[in-house]
Amino acid sequence: MDSGAGESSAADDYESLMSTTDAELLKSAWRNEKAAPEILKFDADLVQRSRQQIQLMEEMVDEFGKNGVDPLTVSLYQMDLDRTMFLLRSYLRTRLQKIEKYVFHIQKTAEVWNRLSRQEQKFARRCAGDIKHHLEQSVLTKLPDQYQSHLRQSAASEDDDMVPEPQLDAYVVCRSKRYLGAFQLDDGSEEPVNIEADDLYALPYKSIKPLVESKQIDLV
């Protein structure tokens, strides 16, 4: 048996294992949330595991400090702990910022609303209530009746034209985890895009949204 092929296979297996660790999954979820124009589905299981991992690492660092473990070893564990805490906090903060920006759109769209955690839904309700109250107190009650809606420009408007919505047609940079072959975009282009593994592409988010949701493609 070719030893070089065996080493290559072992290396591939190792890379595959490392790419599926919670740290890597959290980093991927954070990048996707940062780059996506809309809020994505909350990954409750990953967040729960990350919180448990943080708690365990904090206990380990404290225990190492009490037992006089080599400071270099302690610092390495502390760095890993700090990285995980940063990713988790940034992931949650990014989601809250999107909720604040698109709260009325999120509230009226059931499919998007169901992407939020229960805590995020509570935050969204409170945020929407605060914004509505502020608009009514500062502006809307001083306008004629037909202009007092916080969702529509006037009573004659058929849609909620005052509600900001994410721009799903925006271009995003993405990378496929595997070879997907010819992929037809939704932008009216005649030629499909040949998506290779690990190559970078700038594509309309709306076209690749199903691939992001199925975790076949990562945003960068």
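Definitions and limits used
Per-chain numbering applies: the sequence of each chain, read as written, is numbered from 1 onward. Confidence filtering applies because this is a predicted model: local features only for residues at pLDDT of at least 70, side-chain atom pairs given and counted only at 80 or more, and all residues used for totals across whole chains, interfaces and linings. Excluded from the side-chain calculation are hydrogens and water; included are all heavy atoms of the structure. What we call a nonpolar core is a set of buried Ala, Val, Leu, Ile, Met, Phe, Trp, Tyr and Cys residues that are connected through their side-chain atoms within 4.5 Å. Exposure is judged per residue with a 1.4 Å probe applied to protein chains only, and the accessible area is read against the type maximum: over 50% gives exposed, under 20% gives buried, and values in between give partly exposed. Only runs of H or I of at least four residues qualify as helices and only runs of E of at least two qualify as strands under DSSP, and these elements are numbered from the N terminus. It only takes one pair of heavy atoms within 4.5 Å for two residues to be counted as in contact. The span expected for a helix works out to 1.5 Å for each residue beyond the first. The predictor attaches a confidence to each residue, called pLDDT, with possible values from 0 through 100. Here, strands pair whenever DSSP counts at least two bridges between them. For helices, the fitted line uses only the C-alpha atoms of the stretch in contact; every axis is such a line through C-alpha atoms, and the angle between N-to-C directions lies from 0 to 180 degrees. Should the near helix be turned anticlockwise from the far one by less than a right angle, the crossing is left-handed, and should it be turned clockwise, the crossing is right-handed. Amino acid classes used here: Ala, Val, Leu, Ile, Met, Phe, Trp, Tyr, Cys and Pro are nonpolar; Asp, Glu, Lys and Arg are charged; the rest, including Gly, are polar. By definition here, a salt bridge exists when the distance from a side-chain nitrogen of Lys or Arg to a carboxyl oxygen of Asp or Glu is within 4 Å.

(A) The arrangement of the nonpolar core in detail. By size, the foremost hydrophobic cluster in this structure holds 16 residues, and its most contacted members are Cys174, Leu203, Tyr205, Ile208, Ile217 and Leu219. Residue assignment for this core shows that the elements contributing at least two residues are β1 (171-176), β3 (193-195), β4 (200-204), α8 (205-213) and β5 (217-219). With 4 residues, the single largest contributor to this core is α8. Setting aside its immediate chain neighbours within four residues, Tyr205 contacts Ala36, Pro37, Glu38, Leu40, Leu168, Ala170, Val172, Val212 and Leu219.

(B) Quick look at helix α2 (residues 22-35). In a regular helix each residue adds 1.5 Å, so 14 residues correspond to 20 Å; α2 covers 20 Å between its end C-alpha atoms and thus fits that length. Here α2 has its buried residues at Ala23, Leu26, Ser28, Ala29, Trp30, Asn32 and Glu33. Buried positions along α2 lie against α3 (44-66), α4 (71-101) and β5.

(C) Layout of α4. The end-to-end C-alpha distance of α4, which contains 31 residues, comes to 44 Å, matching closely the 45 Å that a straight helix rising 1.5 Å per residue would cover. Among the residues of α4, those classed as buried are Val74, Leu81, Thr84, Met85, Leu87, Leu88, Ser90, Tyr91, Thr94, Arg95, Lys98 and Ile99. Those residues of α4 hidden inside the fold are in contact with α2, α3, α5 (103-108) and α7 (118-138).

(D) Region of the structure containing the confidence of the model for the protein chain. Mean pLDDT over the protein chain stands at 87; residues scoring 70 or higher make up 90%. Within the protein chain, helix α1 (residues 3-19) has the poorest average pLDDT of any element, 42, and helix α6 (residues 110-113) the best, 97. Long-range and interchain partners of residues 1-11, a stretch whose pLDDT sits below 50, account for 1 contact in this model, where long-range means more than four residues apart. The low-confidence segment residues 13-19 (pLDDT under 50) makes 3 contacts with residues lying over four places distant or belonging to another chain.

(E) Quick peek at the pairing of β1. Side chains Val172, Cys174 and Ser176 project from β1 onto a buried face, and the interleaved Tyr171, Val173 and Arg175 project onto a face without burial. Relative to β4, β1 runs antiparallel, the two being bridged by 5 bridges. Across the sheet, Cys174 pairs through a bridge with Tyr201, a residue of β4. Relative to β5, β1 is paired through 3 bridges, and the arrangement is antiparallel. Counterpart to Ser176 in the pairing with β5 is Ile217.

(F) The packing of α4 against α7, seen in detail. For the pair α4 and α7, the least separation of the axes is 9 Å and the interaxial angle reads 35 degrees. Here α4 and α7 pass one another in a crossing that is right-handed. Counting all contacts with α4, which are made through Arg95, Leu96, Ile99 and Glu100, the residues of α7 involved are Glu120, Phe123, Ala124, Cys127 and Ile131. Tallied by class, residues from the contact of α4 with α7 come to 6 nonpolar, no polar and 3 charged.

(G) Molecular detail of the environment of Val220. Tracing the backbone shows Val220 in the segment after β5. Considering only alpha carbons, one finds Val220 and Ala36, 184 residues apart in sequence, at a separation of 9.3 Å. With residues near it in sequence (within four places) discarded, Val220 still touches Ala35, Val173, Cys174, Arg175 and Leu200.

(H) Broad picture of the pattern of salt bridges. Summed over all chains, the structure comprises 15 salt bridges. Among the salt bridges present, the one from Lys108 reaches Asp160, with a minimum N-O distance of 3.7 Å. Of this pair, Lys108 sits in helix α5 while Asp160 sits in the loop between α7 and β1, placing them 52 residues apart in sequence. Assessed through its relative accessible area of 43%, Lys108 is described here as partly exposed. For Lys177, the salt bridge identified is with Asp218, shortest N-O distance 3.9 Å. Residue Lys177 is found in the loop between β1 and β2 (181-183), and its partner Asp218 is found in strand β5; the two are separated by 41 residues along the sequence. Residue Asp218 is classed as buried on the basis of its relative accessible area, which comes to 19%. One network of salt bridges, in which partners are shared, links Glu33, Arg95, Lys98 and Glu120.

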